[in-house]
Amino acid sequence: MSDRALSAPLPIPRLRARLGLRGWPWLSLFILGTVIAAALLGDALSPWDPNDIDLGASFQPPFWMATGAFTHPLGTDNLGRDILGRIIAGARVTVVVSLYAILLSGAIGALVGMVSGFFGRWIDTIIMRVVEIQNSIPAVALALILAAVLRPGLNTVVIVIVLTYWSWYARIVRGEVLSLKTLDYVAFARTAGVSTPVIFRRHLLPNIMNTLLVLATLQVGQVIIFEASLSFLGLGIQQPDVSWGLMLSDARQYITNAWWAITMPGIAIMLTCLSANMFGDWLRDRLDPRMRQL
Amino acid sequence: MIGFLWRRLGHGLVSIIGASLVIFIISRLSGDPISLLLPPDAPPKIIAAARIQLGLDLPLWHQYLIFLTNAAHGDFGQSYRWQMPALDLVLQRVPATVELACAGLLFSVALAVPLGVLSAVHRDGLIDLGGRLLAMLGQAMPNFWVGLLLILLFSIYLDWLPAFGRGGIQHLIMPAVALGWYPVAAQTRIVRSAMLDVLESDHIRLSRALGTPEWLIVWKYAFRNAAVPLLTMLGVYFASMLSGAFIVEVIFAWPGIGRTVVEAVFSRDFPVVQAGVLLSSILFVLATLLVDISYSLIDPRIRHER
């Protein structure tokens with residue numbers, strides 16, 4: 001116990017010990033789990049083909065309405081495509097985009113932030129100036145130009161989100177590294193000639209892991225909304241792929257005919273973001289109470 | 001103070017020039033504008049002449065220098081689509097966007113201040129919980145969906161408000177609510193935590209001990225101090241409104257910068273895209289500059305930080 005206190009003033013929290021089962025946000029986890037399950041198994045289990053056009057069944061209301069039926073529980077859109085089926089299919093895009101966008105922006109941002117904070121001097125100046133420049137262009141505007149340049153689609157959405165969010169990670173990680181760098185054990189490791197990659201991996205990364213984890217979960221909701229916004233504008237996911245934002249963009253055309261086509265995909269977005277944000281808040285309070293200001 | 005001002009202005013200028021470089025490079029990568037301007041079967045001679053006329057035959061760095069010099073003189077070139085100066089086209093949309101951003105800001109502050117103050121006064125009470133619930137909902141609803149729901153309810157079912165366009169105050173309500181909805185959460189949190197700090201301070205306790213009425217303590221003595229953090233952040237929120245306005249303007253067919261740029265992106269109208277995005281970057285940088293300056297006026301320690 002005493003030697004740990006000496007060698008590591010900022011102990012790596014014991015994850016399992018701190019995550020007791022009591023007080024888990026079960027509802028959030030259940031909803032997130034459902035979305036992930038829909039993404040993984042939707043193709044195999046869903047009884048509705050998301051692109052199955054049935055003009056005879058267009059604009060059917062949800063099942064609790066007088067003319068609704070259980071064959072289409074949440075109703076159909078203008079082409080008679082089942083809305084629940086399309087929401088299930090859309091979950092895949094949501095999960096895939098969130099996963100790639102967050103992993104990539106987190107990894108790039110963490111690396112750049114660590115380099116910037118650890119080496120300091122002109123490297124730090126240049127990197128921070130680039131971060132500042134990137135922050136001075138409104139995110140949506142940057143996304144619009146990029147999405148127009150690259151061919152719209154899933155890859156483009158991921159690239160746009162990564163380019164928008166890496167700086168967020170970089171700035172926060174840099175701040176953490178600046179204070180970690182001054183700690184004795186990092187200074188000793190440097191003096192002892194430990195190579196830089198090893199210092200990064202063994203001494204810096206474990207200490208910023210909690211912060212990264214919290215930032216990543218808090219980013220999920222924002223990424224989902226970002227993807228939906230791009231797809232809504234026609235610059236994101238394209239037909240025949242299904243995305244909740246794209247569904248809303250379609251539904252906007254016949255907003256007077258089918259209120260359910262506007263509300264249902266939005267509710268899917270809202271519930272998923274709400275769950276991700278609540279889970280993120282909970283994780284932050286558990287792992288990194290210093291970040292409550294974020 | 002003067003040194004601080006110059007340093008911040010310098011940073012702002014570097015940001016804007018950097019932004020212009022990013023915008024220029026990206027928009028030039030997006031394909032050949034010639035293919036949009038001329039019919040596909042145009043003779044090569046005319047295509048070549050058009051390229052020279054638009055300066056597209058020069059190397060990229062030369063094109064950028066020309067772009068930057070002209071931009072500094074307010075010349076972004078003619079809009080390919082509208083045959084008028086791009087900057088004029090964008091500038092005439094500025095009032096609409098600023099009007100919308102102000103209305104959105106007004107809505108969010110008008111909701112966040114009472115919510116934040118009352119949540120702090122009745123900590124963990126019904127209002128506090130309700131406010132937190134509202135905040136969580138606000139952050140989970142995309143602003144374009146909020147806009148669509150408002151149109152569905154107030155334009156289609158109730159027929160109270162017009163669904164699109166700019167005009168009287170009734171045109172402004174729904175876009176402002178859709179835009180102002182999101183930052184309410186953050187603003188409420190700022191006001192609430194500032195109020196909690198102030199309410200525990202000595203001068204408030206003294207006023208309590210002297211028997212000052214509670215409403216006077218809360219709204220006059222405490223809120224005046226607690227408003228400072230929110231006031232200094234208003235610039236940041238204004239900047240985020242300008243950014244958020246892009247999609248809200250599209251939904252409500254609001255004739256602002258955002259909608260103009262979105263349309264220009266689809267028609268590859270480079271000059272308009274460049275002018276619009278650079279203009280919103282400049283507004284953005286100016287807003288954050290104002291925040292820094294107002295901070296440094298309130299808290300002199302910041303001036304000496306680097």
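Residues numbered from 1 in each chain as written. Chains lettered and ligands numbered in written order. Predicted model: local features only at pLDDT ≥ 70, side-chain atom pairs only at ≥ 80, totals over all residues.

J.: I tried to follow the overall build of chain A on my own but got confused; where do I start?
T.: Assigned secondary structure in chain A consists of eleven helices and zero strands. The order of helices and strands in chain A, counted from the N terminus, is α-α-α-α-α-α-α-α-α-α-α. Taking all 294 residues of chain A together, the buried fraction comes to 47%. (Helix = DSSP H or I, 4+ residues; strand = E, 2+ residues; numbered from the N terminus. Buried ≥ 20, exposed ≤ 12 C-beta atoms within 10 Å, placed from the backbone.)

J.: For this particular structure, what's the right way to read the overall build of chain B?
T.: When its secondary structure is counted, chain B shows 14 helices and zero strands. For chain B, the proportion of its 306 residues judged to be buried stands at 40%. The long-range share in chain B, meaning contacts at least 24 apart out of those at least 6 apart in sequence, stands at 73%. (Contact = placed C-beta atoms within 7 Å.)

J.: In this structure, what is going on with the interface of chain A and chain B? I would like to understand it.
T.: Many analyses report the size of an interface as the accessible area lost when the parts associate. Each partner contributes residues to the interface: chain A has 33 residues there, and chain B has 37 residues. If you list the elements that add at least two residues to the side of chain A that touches chain B, you get helix H5 (121–136), helix H6 (139–149), helix H9 (196–232), helix H10 (244–253) and helix H11 (259–287) of chain A. No other element matches H11 of chain A, which puts nine residues into the side of chain A that touches chain B. The residue inventory of the side of chain A that touches chain B, partitioned by class, reads 24 nonpolar, six polar and three charged. (Nonpolar A, V, L, I, M, F, W, Y, C, P; charged D, E, K, R; others polar.)

J.: Would you mind going over unusual backbone geometry with me for this structure?
T.: Most peptide bonds adopt trans geometry, and most residues besides glycine take a negative phi value. Geometrically, the link from Gln 239 of chain A to Pro 240 of chain A is a cis peptide bond, its omega value of 0° lying close to zero. With respect to the helices and strands, the residue Pro 240 of chain A is situated in the loop between H9 and H10. The phi torsion at Ala 253 of chain B lies on the positive side, around 50°, for a residue other than glycine. Among the structural elements, Ala 253 of chain B can be located in the loop between helix H12 (214–251) and helix H13 (257–266).

J.: How should helix H11 (residues 202–209) of chain B be read in this particular structure?
T.: Quick reminder: α-helices carry 3.6 residues per turn. Residues three or four places apart thus point the same way. Counting buried positions over the eight residues of H11 of chain B gives zero, only a small fraction of the element. Gly 211 of chain B sits one or two positions beyond H11 of chain B and adopts a positive phi of about 85°.

J.: I keep staring at the packing of helix H4 (residues 83–119) of chain A against H5 of chain A and nothing clicks. Help me out?
T.: Each pair of packed helices can be summarised by the angle the axes make with each other and by the distance between the axes. Residues and elements named next belong to chain A. The contact between H4 and H5 brings their axes to 7 Å, and the two run at 140°. Classified by the angle their axes make, H4 and H5 are oblique. Crossing of H4 over H5 shows left-handed handedness. Contact with H4, carried on its side by Val 112, Val 115, Ser 116 and Phe 119, involves Arg 121, Ile 123, Asp 124, Ile 127 and Met 128 of H5 and no other residues of that element. For the contact of H4 with H5, the per-class residue count stands at six nonpolar, one polar and two charged. (Axes fitted to C-alpha atoms, helices over the stretch in contact; angles between N-to-C directions. Parallel < 35°, antiparallel > 145°, perpendicular 65-115°, else oblique. Left-handed = near helix turned anticlockwise from the far one by under 90°.)

J.: I keep staring at the environment of His 72 of chain A and nothing clicks. Help me out?
T.: Tracing the backbone through its elements, the reader meets His 72 of chain A in the loop between helix H3 (26–45) and H4. For His 72 of chain A and Ala 57 of chain A, which are 15 residues apart along the polypeptide, the C-alpha to C-alpha distance reads 9.3 Å.

J.: I tried to follow the packing of H4 of chain A against helix H7 (residues 154–181) of chain A on my own but got confused; where do I start?
T.: Residue and element names in this part refer to chain A. Here H4 crosses H7 at 35°, and the two axes come no closer than 5 Å. Viewed along their axes, H4 and H7 form a crossing whose handedness is right-handed. Looking at the contact of H4 with H7 residue by residue, the classes come out as 25 nonpolar, seven polar and three charged.

J.: I would appreciate a short explanation of the environment of Ile 190 of chain B in the present structure.
T.: Residue and element names in this part refer to chain B. Mapped onto the elements, Ile 190 comes out in helix H10 (residues 184–199). Overall, Ile 190 belongs to the buried group, with 21 C-beta atoms counted inside 10 Å. Separated by 39 residues in sequence, Ile 190 and Pro 229 place their C-alpha atoms 7.1 Å apart. For Ile 190, the residues in contact, after removing those within four places along its chain, are Pro 229, Leu 230 and Met 233.

J.: How should I be thinking about the nonpolar core in this particular structure?
T.: Within the largest apolar cluster, 164 residues are counted, with the highest numbers of intra-cluster contacts made by Leu 144 and Ile 145 of chain A together with Val 261 of chain B. Looking at this core element by element, the count peaks at 16 residues for H12 of chain B. (Core = buried A, V, L, I, M, F, W, Y, C linked by C-beta atoms within 7 Å.)

J.: Can you walk me through H9 of chain A in this structure?
T.: All names here are of chain A. Helix length check: H9 (37 residues) gives 45 Å between terminal C-alpha atoms against 54 Å at 1.5 Å per residue, more than 12% under. At Leu 205, H9 shows its maximal bend, which comes to roughly 55°, and the proline Pro 206 appears one to four places after that position. Of the residues one or two after H9, Gly 234 is the one with positive phi, at around 90°. (Expected span 1.5 Å × (residues − 1). Bend = angle between axes of the 7 residues up to and from the residue.)

J.: Help me out: how do you make sense of the confidence of the model for chain B in this one?
T.: Low-confidence regions, as indicated by low pLDDT, have predicted coordinates that should not be scrutinised in detail. Residues and elements named next belong to chain B. Residues at a pLDDT of 70 or more form 92% of chain B, whose mean pLDDT is 79. Looking at the elements of chain B, mean pLDDT is at its lowest for helix H2 (residues 34–37), recorded as 64, and at its highest for helix H6 (residues 94–121), recorded as 86. With pTM at 0.82, the complex prediction returns an ipTM value of 0.79. (pLDDT = per-residue confidence, 0-100.)

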